[in-house]
Amino acid sequence: MCPHLRQHETGRNDADEPDHQAPRLAPEQDSGHHNENDRQRQRRLARQRKVAPDATHQQERRPDREAVAFLLADLRQQASGTAQKRHTIPFDGLRPCAIRAPHGHLRLPLTHHATRISAFMSSPVVTRFAPSPTGFLHIGGARTALFNWAYAKHTGGKMLLRIEDTDRERSTDAAVTAILDGLRWLGLNWDGEAVSQFARAGRHRDVAQELIKRGKAYFCYCTPEELEAMRAKAEAEKRQIRYDGTWRDRDPATAPAGVNPVIRFRAPQEGETVINDHAQGRVVIPNKDLDDLIILRSDGNPTYNLSVVVDDHDMGVTHIIRGVDHLTNAARQTQIYLAMGWDVPSMTHVPLIHGPDGAKLSKRHGALGVEAYREMGYLPAALRNYLARLGWSHGDDEIFSTGQLVEWFELDGIGKSASRFDFAKLENLNGHYIRHTPDAELLAHWLAVLPYIEGGSDRLSQIDEQMKGKLLKALPGLKERAKTLKELNASAAYLFAQRPLPLDEKARQILADGGTQALAGVLPVLKAATNWSAHDLEAAVKVHAEAAGLKLGKLAQPLRAALTGTSTSPGIFDVLEVLGREESLARIADQASA
RNA sequence: GCGCCCUUCGUCUAUCGGUUAGGACGGCAGCCUUUCACGUUGCAAAGACGGGUUCGACUCCCGUAGGGCGCGCCA
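Residues numbered from 1 in each chain as written. Chains lettered and ligands numbered in written order. Predicted model: local features only at pLDDT ≥ 70, side-chain atom pairs only at ≥ 80, totals over all residues. Heavy atoms only, no water.

Caption draft 1: Just the overall build of chain A, in detail. When its secondary structure is counted, chain A shows 25 helices and 14 strands. For chain A, contacts bridging at least 24 residues in sequence account for 77% of all contacts bridging at least 6. Here chain A displays about 27,700 Å² of accessible surface, and carbon together with sulfur accounts for 51% of that area. (Helix = DSSP H or I, 4+ residues; strand = E, 2+ residues; numbered from the N terminus. Contact = heavy atoms within 4.5 Å. Areas by Shrake-Rupley, 256 points an atom, 1.4 Å probe, with all protein chains shown as cover.)

Structure (structure tokens):
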């Protein structure tokens, strides 16, 4: 092995090789992996097992020589100028965008031996997040975006954003806005402008025509009614529900008049389609189970599977990371790539997130837009951390920064089984993040979320610079006790309360059980304090407690009731200090004389 | 129905053919303590089932059961 190549290879991430099927050297022989630690070694071995069960087989089928020929053809195609062509795409709601087409990068076929030619494969990773704007950004989509983002960052590549809005009936601008907002809130920035898939319909139509020219697609004149009948019949006969191929080989000259045809992909009927998936391993789908899907509707608009392939190709996407619900689509899309002679991107289908009951996420559970999580008072960093641990792991690491996530995020850390959404764990994590966020930063998060939570606007209007100072001062005590920003906000109520304070049930009880008298006892002590600081007040009150033969709790609880109107709060001496001498004494006096 | 996939404590997961199967959340009990928290100590808690392969299986293979996803002129 040439030292130059080895150096190149060890310096990069295995997972971004398109050639994830290539056989690897046995560990003992693999001098390129000298310096790895145990963990890296384990992972590498796992990876080998996962995606290369019969790599030898593959290699036989496509020797290196063929791969090189492929590569050269690619190079020629680039040189011929096609790579320089640019499409400008206008879009309502999003800004225009230029996409390099069709080969912005250079990739190799999936099945050759990578180690020999890896010098050619320095193409950067390009991932994409491709939501359809038919609703908000739900939690599963958010995680998909997170994974795409993390992987792009990890590899120094790019994450593109494409809005899959070819369904004109269901796509809405409001949804586009919600999705972009959600991504921004989560801190998942994308590279370049968001691309409208619908705006590229012309290009998709061209490819459909090209497919016809290549004999890989055909016109189908079946009406929706006929298809419905076909489906009903198949169901009645307990056969598989698929298109029966009526027009696959029929002469278009025999087409009925007045029917706008659709274009169907001429899918291979024999053999099997293989998806080499980084999470799922090698998935084999029998071609007989994949029918001739419609790629262009009778109204001339493209359908999803065509658009995705064309866009991913044109946008230079090297790595597709999406939910497993797209696995069968991956097979169909693979067939389209192959029919066009395009390289199939690396694919990773991540397991789904279920509700706490194991069933599909419902609105009750977690199928909420990410904005709902903002409203519930979760910190973006906490949500990122939580989401990262759903379906992905890095050993036993539970709490890690986004920077660490980026550093650690490898595709082979992704699992295969579905996970359940667990609010309790999210809460716990969120509490951790709240406690560990510096006060000033936390205050900014708090203020920023106020417009989104109940009663938050009123409170916001009461916050001036002076109040901000108080909040900041109270924050160390408050944040220790809050799991969400909402709780944090609620626990700060005593700072905003006007005298006379409303008392809750427990507070009333405390005062009734001798609290009033206790207050009358400490009041003079506090009044006499020369320095209104938590430290000095605590000392003074302790002296008083000892003198009076009282446990500190017997004084602290009544003080808490009087000062906050509740039975729980931060340390009572901190409360006294933050509230200030005048307000504190007044509140205590209110209750002591009552 | 057909195809594909999954199955380790209640939940998220580690394990990668040899471990007393580890961690985290949640639960329970103790400690700390001015309340509530935080923190801390400890406890309970798992390889779906049945066959194989192997000296040895949670790990590999087959089957069963359960679950998920897909099967649109939706994405």
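Moving on, there is more to tell.
Caption draft 2: Spotlight on the pairing of strand β4 (residues 158-163). Extensive coverage of β4 is indicated by the burial of five of its six residues. For strand β3 (residues 126-129) and β4, the ladder comprises four bridges, and the chain directions are parallel. Following the sheet pairing, Val126 is matched in β4 by Lys158. Pairing geometry for β4 and strand β5 (residues 195-196), over two bridges, is parallel. Within β5, the residue paired with Arg162 across the bridge is Val195. Each parallel crossover has a hand, and for β4 linked through helix α7 (residues 173-186) to β5 it is right-handed. (Buried < 20%, exposed > 50% of the residue type's maximum accessible area, 1.4 Å probe, protein only. Pairing = 2+ DSSP bridges. Right-handed = clockwise from strand over helix to strand, strands pointing away.)

Caption draft 3: Structural detail: helix α9 (residues 224-236). Between its terminal C-alpha atoms α9 stretches 18 Å, which fits the 18 Å expected from 13 residues at 1.5 Å a residue. The inward-facing, buried residues of α9 abut β7 (262-265). Following α9 by one or two positions, Lys238 has its phi on the positive side, about 55°. (Expected span 1.5 Å × (residues − 1).)

Caption draft 4: Expanded view of the packing of aromatic side chains. All chains considered together, the criterion is met by eleven aromatic pairs. Judged by centre distance (4.9 Å) and plane angle (55°), the rings of Tyr221 and Trp247 are tilted. Of this pair, Tyr221 sits in the loop between β6 (217-220) and α9 while Trp247 sits in the loop between α9 and β7, placing them 26 residues apart in sequence. Summarising the burial analysis for this pair, Tyr221 and Trp247 share the class buried. Ring geometry for Trp392 versus Phe400: centroids 5.9 Å apart, planes at 80°, classification edge-to-face. (Phe/Tyr/Trp six-rings, centres within 6.5 Å; stacked < 30°, edge-to-face > 60°.)

Caption draft 5: Inspection of the side chain of Thr348 at higher detail. Mapped onto the fold, Thr348 is located in strand β12 (residues 346-350). Excluding anything up to four places from it in sequence, Thr348 contacts Asp277, His278, Ala279, Ile320, Ile321, Arg322, Leu411 and Ile414.

Caption draft 6: View of the state of the cysteines. This model, assessed by the stated rule, comprises zero disulfides. The thiol sulfur of Cys220 is not disulfide-bonded, and the nearest other cysteine sulfur, from Cys222, lies at 3.9 Å. Here Cys222 falls in the buried class, since its relative accessible area comes to 10%. (Disulfide = S-S within 2.5 Å.)

Caption draft 7: Molecular detail of the nonpolar core. Among the nonpolar cores identified, the biggest contains 101 residues, and Phe421, Trp446 and Leu495 are the most heavily contacted of them. If one sorts the elements of this core by residue count, helix α6 (residues 139-155) sits on top with nine residues. Phe265, Val283, Ala330 and Ala331 belong to the second-largest nonpolar core, a separate cluster that totals 33 residues. (Core = buried A, V, L, I, M, F, W, Y, C linked by side-chain atoms within 4.5 Å.)

Caption draft 8: Inspection of the pattern of salt bridges at higher detail. With the rule as written, the count across this model stands at 26 salt bridges. The residue Asp439 makes a salt bridge to Lys479 at a minimum N-O spacing of 2.7 Å. In this pair, Asp439 is assigned in helix α16 (residues 439-449) and Lys479 in helix α18 (residues 465-479), connecting sequence segments 40 residues apart. On the basis of relative accessibility, which here comes to 10%, the residue Lys479 falls in the buried class. (Salt bridge = Lys/Arg side-chain N within 4 Å of Asp/Glu carboxyl O.)

Caption draft 9: Looking closely at the sheet that holds strand β10 (residues 294-296). Sheet architecture is open: three strands sit in the order β6-β7-β10, paired in antiparallel fashion. A strand with exactly one partner marks an edge of an open sheet, and here the two such strands are β6 and β10. Recorded for the sheet is a direction-independent mean angle of 45° between the axes of neighbouring strands. Pairing of β6 with β7, which is carried by four bridges, proceeds in the antiparallel orientation. Across the sheet, Cys220 pairs through a bridge with Val262, a residue of β7. Packing against the sheet, helix α8 (residues 201-213) makes contact with β6, β7 and β10, and its axis sits at approximately 100° to β6. (Axes fitted to C-alpha atoms, helices over the stretch in contact; angles between N-to-C directions.)

Caption draft 10: Summary view of the side chain of Asn489. Locating Asn489 in the fold gives a position in helix α19 (residues 485-491). Judged by relative accessible area, which is 7%, Asn489 ranks as buried. At 3.0 Å, the side chain of Asn489 and the side chain of Trp446 are in polar contact. The residues contacting Asn489, other than those within four sequence positions of it, are Trp446, Leu450, Ile453 and Arg459. (Polar contact = N/O pair within 3.5 Å; in protein donor to acceptor, adjacent residues only side chain to side chain.)

Caption draft 11: Looking closely at unusual backbone geometry. Arg499 connects to Pro500 through a cis peptide bond whose omega is -5°. Structurally, the position occupied by Pro500 is in the loop between α20 (493-496) and α21 (505-527).

Caption draft 12: Examining the packing of α16 against α18 more closely. Between α16 and α18, the least distance of the axes is 10 Å, while the angle of their chain directions is 105°. On the basis of their axis angle, the class for α16 and α18 is roughly perpendicular. Where α16 abuts α18, its residues Asp439, Ala440, Leu442, Leu443, Trp446 and Leu447 lie against Lys468, Leu471, Leu472, Leu475, Pro476, Leu478 and Lys479. Tallied by class, the residues present in the contact of α16 with α18 amount to ten nonpolar, no polar and three charged. (Parallel < 35°, antiparallel > 145°, perpendicular 65-115°, else oblique. Nonpolar A, V, L, I, M, F, W, Y, C, P; charged D, E, K, R; others polar.)

Caption draft 13: Quick peek at the environment of His278. Among the secondary structure elements, His278 is positioned in the loop between β8 (272-277) and β9 (281-286). In this structure His278 comes out as buried when scored by relative accessible area, which is 5%. Placed 137 residues apart in sequence, His278 and Gly415 show a C-alpha to C-alpha distance of 9.7 Å. Among the polar contacts made by the side chain of His278, one reaches the side chain of Ser346 at a distance of 3.3 Å.

Caption draft 14: The environment of Leu188, seen in detail. Among the secondary structure elements, Leu188 is positioned in the loop between α7 and β5. For the pair Leu188 and Pro380, spaced 192 residues apart in sequence, the C-alpha separation works out to 9.9 Å. Residue contacts for Leu188: discarding those within four places in its chain leaves Ala142, Ala145, Leu146, Trp149, Met159, Leu183 and Arg384.

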